[in-house]
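# Working through the structure, step by step
Given next are the chains, with one letter for each unit.
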Protein chains: 2
Amino acid sequence: MSVVWNFNALPAHLHYAIGVDGGGTSTRARVVHRSGVVVGEGKAGASGLMQGTPQAWRHIAQAITLAVQGRLQVDWPVPTPANCALGLGLAGANNADWYAECLAANPGYTRLVLASDAVTALLGAHQGAPGALVIMGTGAIGLALQANGRHTTTGGWGFPCGDEGSGADLGLQAVNLTQRAVDGRHASTPLTRDVYETLGGTPESLLAWCGAARQFEYATLAPKVFAHAAHDAEAARLLARAAQSLEALATALDPAHTLPLAVAGSIAQRLLPQLSPAIAQRVVPAQGDAMDGALALCFQ
Amino acid sequence: MSVVWNFNALPAHLHYAIGVDGGGTSTRARVVHRSGVVVGEGKAGASGLMQGTPQAWRHIAQAITLAVQGRLQVDWPVPTPANCALGLGLAGANNADWYAECLAANPGYTRLVLASDAVTALLGAHQGAPGALVIMGTGAIGLALQANGRHTTTGGWGFPCGDEGSGADLGLQAVNLTQRAVDGRHASTPLTRDVYETLGGTPESLLAWCGAARQFEYATLAPKVFAHAAHDAEAARLLARAAQSLEALATALDPAHTLPLAVAGSIAQRLLPQLSPAIAQRVVPAQGDAMDGALALCFQ
């Protein structure tokens, strides 16, 4: 079982297949001509459905336009909703209301398949074959296609209650440590001094920042944890905790350790060297990305 | 140094002193006639300033009206802003913008003093004398008046990053444990089964609840942690962690353990039996409540 682009199975009026990976910060589109030639890729702003369907469709159209700009052969038509198959992997598509809203705003695609960006990432990583995937970026989720054909999920419960080990969670833990250093419950460390200065350097500025910050703002602080880990035992402890969270997501997906495991996302990539041998020996490179997985949706 | 109601120091046209304790769920007012007679107490809806100044003043007026209704002696005037001194201890008054907004909306009190509800609780607990106070309810904060006259604060950084051990934090930890039980990262326990059923009993309902829940909603689950602690090791572990958080707030306020320590708030009261001897031996009953502290503001 692997992902193939069987253009012969698509109606003749569909000249292109398009795979889109859309999240809370950006949208990427890959366009393939039915000859099998990859036309190009384009990038635009966020299309996560939690930020609204109109913005999502606007950025999807922009990313597609940029993907083909100046790259069409003379006998190829300009891509339009009428002559393209579109596979969308969008953050938030697992929410039933947003899913329906997005499809209702379809600007005219006759072949349109929508899934969450995590599902398309899994489909891309193992080319549709059984396997597990842990994604740790701003959030944290694990997915697997089991050998028996079942799909399973771990984590992905969202900020602030779930998504342990994610960028937002690392940032939250770093700020909490800083709060305790500021009010005398903990010794200050290089990490807490850095976070404190970055957030204004006074108790009042820290309080105001915390009052306004959400998932994205906390995630912007995660790189500081990595930057200080070599010389700050508390930062190193936070990374060890995040690596354990990654392992917990992977283990619950596949307790017997039989599935190949791909990892994606900026945080997961940086945690790879810290994984235990039992988990590390399962890790394989992803065979494709979430745009590949979204392209595969076009042919399902 | 102790709190006294020195009505002789107030202008003769002020017939009453009023102390108000206002938070995110209710407002309580205690009215004292200048003869020294406590007229009565009244209760109304929330007056925490994060919920807006107009609502705060509306509920303050309601609570005062209820406090005196049917309890005035024949030669006493009806209380009005012109003939009362008002001490307000309101949640959110430590925010500079909300503080200014509340005073700007003063309906005519010529003697008006505003402080945060934590400050008035401290003033009430030790009658203005040096001492420490830890409040753990929906949030968690420690305050002290040091022997040298300095005021210090620990915790109180807010949900979700701070306020460890608070009701909202206990609820958050209980839901996180439930998420891990549902997706296979942790064994289910009596607590997680209870939380899961309460929040709808399906992964979808749990995801939807977490997407909408804020500080108050998480705090409503804290009683379940106490209810299961006797027969659920995980619930007991969460309470032990909360008790450690309480101790950390108290210790940072007074590392030498010389100040008397009062505790307030529903969570702190229930954690008292779990405190270590070093902390427990410092605990004294509060001499007065936050309304007493707010009354004291009238005479400062």
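Parameters and conventions
Residues numbered from 1 in each chain as written. Chains lettered and ligands numbered in written order. Predicted model: local features only at pLDDT ≥ 70, side-chain atom pairs only at ≥ 80, totals over all residues. Heavy atoms only, no water. Contact = heavy atoms within 4.5 Å. Buried area = accessible area lost by both parts, 1.4 Å probe. Salt bridge = Lys/Arg side-chain N within 4 Å of Asp/Glu carboxyl O. Helix = DSSP H or I, 4+ residues; strand = E, 2+ residues; numbered from the N terminus. Nonpolar A, V, L, I, M, F, W, Y, C, P; charged D, E, K, R; others polar. Pairing = 2+ DSSP bridges. Axes fitted to C-alpha atoms, helices over the stretch in contact; angles between N-to-C directions. Domains from an automatic or database assignment. Least-squares fit on C-alpha atoms with pLDDT ≥ 70 in both.

### Section: the interface of chain A and chain B
Contacts between chain A and chain B engage 28 residues on the former and 28 residues on the latter. Between chain A and chain B, a total of about 2,200 Å² is buried, with carbon and sulfur atoms accounting for 60% of that surface. The largest share of the area that chain A buries against chain B comes from Trp157(A), Cys161(A) and Arg185(A), three residues that together contribute 37% of it. Applying the counting rule to chain A against chain B returns 4 salt bridges. With a closest N to O distance of 3.5 Å, Arg185(A) and Glu164(B) form a salt bridge. Those elements that place two or more of their residues in the side of chain A that touches chain B are β8 (151-155), α4 (167-182), α6 (203-212) and α9 (233-253) of chain A. With 6 residues, α4(A) is the largest single contributor of residues to the side of chain A that touches chain B. Looking at the side of chain A that touches chain B, its residues break down into 14 nonpolar, 9 polar and 5 charged.

### A few points about the sheet that holds strand β5 (residues 111-115) of chain B
Within a sheet, adjacent strands bond to each other through the backbone by hydrogen bonds, running parallel or antiparallel. Residues and elements named next belong to chain B. The 5 strands are arranged β3-β2-β1-β4-β5 in an open sheet whose pairing can be described as mixed. With one partner strand each, in any of the chains shown, β3 (38-44) and β5 form the two edges of the open sheet. In this sheet, adjacent strand axes meet at a mean angle of 15° when their direction is disregarded. Sheet topology note: the strand β4 (residues 84-90)/β5 ladder contains 5 bridges and is parallel. Among the inter-strand pairings, Leu86 is bridged to a residue of β5, identified as Leu112.

### Here's the deal with the pattern of salt bridges
Residue and element names in this part refer to chain A. Scanning the entire structure with this criterion turns up 20 salt bridges over all chains. Close ionic contact of Glu41 with Arg30 constitutes a salt bridge, the shortest N to O distance being 2.7 Å. Taken together, the residues span a long stretch of sequence, with Glu41 in strand β3 (residues 38-44) and Arg30 in strand β2 (residues 27-33) at a distance of 11 residues. By sharing partners, the salt bridges in this structure join Arg30, Glu41, Asp289 and Asp292 into a single network.

### Here we look at the domain arrangement of chain A
Splitting chain A by domain gives domain 1 (7-115) and domain 2 (130-285). Between the C-alpha centres of domain 1 of chain A and domain 2 of chain A there is a distance of 31 Å.

### Structural notes on the relation of the copies chain A and chain B
Between the two copies, chain A and chain B, the superposition gives an RMSD of 0.1 Å; the rotation angle is 180° and the shift along the axis is 0.0 Å. Such a turn and shift between the copies fits a two-fold axis. Considering only C-alpha atoms, the part of chain A nearest the rotation axis is Pro160(A), at 3.4 Å. In this assembly, 100% of the residues forming the interface of chain A have copies in chain B that are likewise at the interface, indicating an isologous arrangement.

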